[in-house]
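Single-letter residue listing:
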Amino acid sequence: MVVDPFAKGGLQDAEAVLRAHGVDAYFRAVEGWTDDGFAVLGGRTVVMAGSNDYLGLSRDPRVIAAAVEALGRYGASVSGSRPLNGTVDLHERLEARIAGFLGQEAAAVATTGFQANLALAAALGPGDVAFSDARNHASLIDGLRLGTGKILTYRHGDLDHLRRRLTTAPAEGRLIVTDGVFSMEGDVAPLRGLRDLADEFDAKLIVDSAHDLGVLGTRGAGLHEAAGLEDRADLITATFSKALGSTGGVIAGPAANVTRLRYNARSLVFSAGLPPASAAAALQALDILEAEPQRRERLRRLARLLHDGLRAIGLDTRPSTTPIVPVAFPDMAQAGAFWAGLTEAGVVVNLVGPPATSRAMLRVTLTAAHDEGHAERVIQAFTRVADRLRTPRAAQPLPPVEIS
Ligand code: PMP
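Note that the coordinates shown come from a computational prediction; the quantities given were computed from them, not determined experimentally. Every residue gets a number counted from 1 within its own chain, in the order that chain's sequence is written. Local features are withheld for residues below a pLDDT of 70 in this predicted model, meaning they are given only at 70 or higher, and side-chain atom pairs are given and counted only at 80 or more; totals for whole chains, interfaces and linings count all residues. Values reported for side chains reflect all heavy atoms of the structure, with hydrogen atoms and water molecules removed beforehand.

**Digging into helix 7 (residues 191–200)**
The set of residues buried in helix 7 consists of Leu191, Leu194, Arg195, Leu197 and Ala198. Looking down the long axis of helix 7, one finds its buried residues gathered within 165° of arc, a one-sided arrangement. Here, residues are in contact when the closest pair of their heavy atoms is within 4.5 Å. Each helix is a run of H or I in the DSSP string that is no shorter than four residues. Each strand is a run of E no shorter than two, and both are numbered from the N terminus. Buried-residue contacts for helix 7 involve strand 6 (150–154), helix 6 (159–168), strand 7 (174–179), strand 8 (204–208) and helix 8 (223–226). Downstream of helix 7 by one or two residues, Asp202 has phi in the positive range, about 55°. Here's how the labels work: a residue is buried when its accessible area is under 20% of the maximum for its type, exposed when over 50%, partly exposed in between, all with a 1.4 Å probe on protein chains only. Relevant arc is that of directions from the helix axis to the C-beta atoms, nothing else.

Printed below as a string of structure tokens:
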């Protein structure tokens, strides 16, 4: 029997199941934005409650102006890889700037956050073992898979399980790898415990701060800052496509670690450098992020409103303590029906499910480009749809969560 190598499951299968239930949830094109924080989709004005533009910077006029200026000065592409012709001075400025911001010695910019995580392959050689949280982002998993060492998964956030694995697995070099804030369920990795285990077992700790950069910490420098561990990082990876409103990725940490990956990681060496417009946008966004802490405060305020509002009507948003607000459903068909009801009501959220997540869920995020009115609309839409679909809910309102 000849099989079609292209015909392999994944999101397409999930989509087929949803379509059978009349739900068309993926690859829906945004046609534009209104000035008051609404998105235009299918000709309708909706609350986009699924964006990772946490601080509302992707459409900030200062960020756009910086990108336009760089486009005029350097062109649309660097037309080559970083080690050869594809480095511009903007990359170097951005690397120095972001290293300083993260409290790290050095940083190397990648073309996407995904590629920053693929760079881990270069750190996982024969005889090495990577200990990877079971809910890590796909890009961390793929980075490790491209390495030649072994990967052992530990139960999500479970320090005891990780300790057992560290104790029993023979290894030359050890890496512990985790998301900082988990991308789908919004819970925070136990960084102090992970750091202590890394020290005890002489392992390097790698943290993907995609969803905590700009969100956690008094300065917005992410989970290491929030935990007071900036001076003990081995490697932080992050993306510019979330709180920095741009595109691109970065690895940061002690100069020796960053330099090794800058030279050895194939995803950094063999790909065209970050477009100058994206580098300039990220640089400008960093300035705004630091100068305007009120954006982070607004993000947290709206996150609190969302968590509390949904929990007040008996919808559980655990385990999140962050602006990523998950609401779980028994299966994709029910999550899909709820998603369709929300869309009909003018609220667009993210519909996600296994294998990307441990369960069928809606992932809801508001950003600093939104206000209390948007939050109110989201909560009202959830209430109406839950009533109409008779969604199972806790009998009592659930108590508020403490936002991280
Ligand atoms: N890490 C995490 C935790 C992410 O959520 C994402 C994006 N979804 C990435 C890495 C990849 O970042 P980028 O979009 O810049 O490729």
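**Brief notes about the nonpolar core**
Leu94, Ile98, Phe131, Leu162, Ile176, Phe240 and Leu244 are the most contacted members of the largest nonpolar core, which totals 62 residues. The dominant element in this core, judged by the number of residues it contributes, is helix 11 (residues 276–291), at 10 residues. Aside from chain neighbours lying at most four places away, what touches Phe240 is Leu94, Ile98, Val109, Gly245, Ser246, Thr247, Gly248, Gly249, Val250, Leu274 and Ala282. Residues enter a nonpolar core if they are buried and are Ala, Val, Leu, Ile, Met, Phe, Trp, Tyr or Cys, with the set joined through side-chain atoms within 4.5 Å.

**Observations regarding the site of the ligand**
Working definition: residue near molecule or strand if any one of its non-hydrogen atoms lies within 4 Å of it. Taken together, 15 residues lie near the ligand, and Gly113, Asp208, His211, Thr239 and Lys242 sit nearest. Within the side chain of His137, one N or O atom sits 3.4 Å away from a nitrogen atom of the ligand. A distance of 2.5 Å separates a nitrogen atom of the ligand from a polar side-chain atom of Asp208. About the coverage of the ligand: the protein hides 82% of its 390 Å² of free accessible area. The biggest single contributor to the shell around the ligand is helix 4 (residues 113–118), with three residues. Side-chain classes follow a simple rule in which Ala, Val, Leu, Ile, Met, Phe, Trp, Tyr, Cys and Pro form the nonpolar group, Asp, Glu, Lys and Arg form the charged group, and the remainder, Gly included, forms the polar group. Grouping the constituent residues of the shell around the ligand by class yields two nonpolar, 10 polar and three charged. Each polar contact in these results corresponds to two N or O atoms within 3.5 Å; when the atoms are within protein, one needs to be able to donate a hydrogen and the other to accept it, and residues that are neighboring in sequence are counted only if both atoms are side-chain atoms. All accessibility values rest on the Shrake-Rupley procedure with a 1.4 Å probe; residue burial counts only the protein chains present in the view.

**Looking at the domain arrangement of the protein chain**
What counts as a domain boundary in this text is fixed by an automatic or database domain assignment. Segmenting the protein chain into domains produces domain 1 (8–48 + 293–389) and domain 2 (61–291). At the junction of the two partners, domain 1 supplies 19 residues and domain 2 supplies 21 residues. Between domain 1 and domain 2, roughly 1,400 Å² of surface is buried when both sides are summed, and carbon and sulfur atoms account for 54% of that area. By definition, a salt bridge exists where a carboxyl oxygen of Asp or Glu is found within 4 Å of a side-chain nitrogen of Lys or Arg. The interface formed by domain 1 and domain 2 contains one salt bridge. Where domain 1 packs against domain 2, one counts eight residue pairs in polar contact (both at pLDDT 80 or more). Contributions of two or more residues to the side of domain 1 that touches domain 2 are made by helix 12 (293–312) and strand 14 (360–364). Among the elements that make up the side of domain 1 that touches domain 2, the one with the highest residue count is helix 12 (five residues). Put simply, buried area is the surface a 1.4 Å probe can reach on two separate parts but cannot reach once they are joined, added for both.

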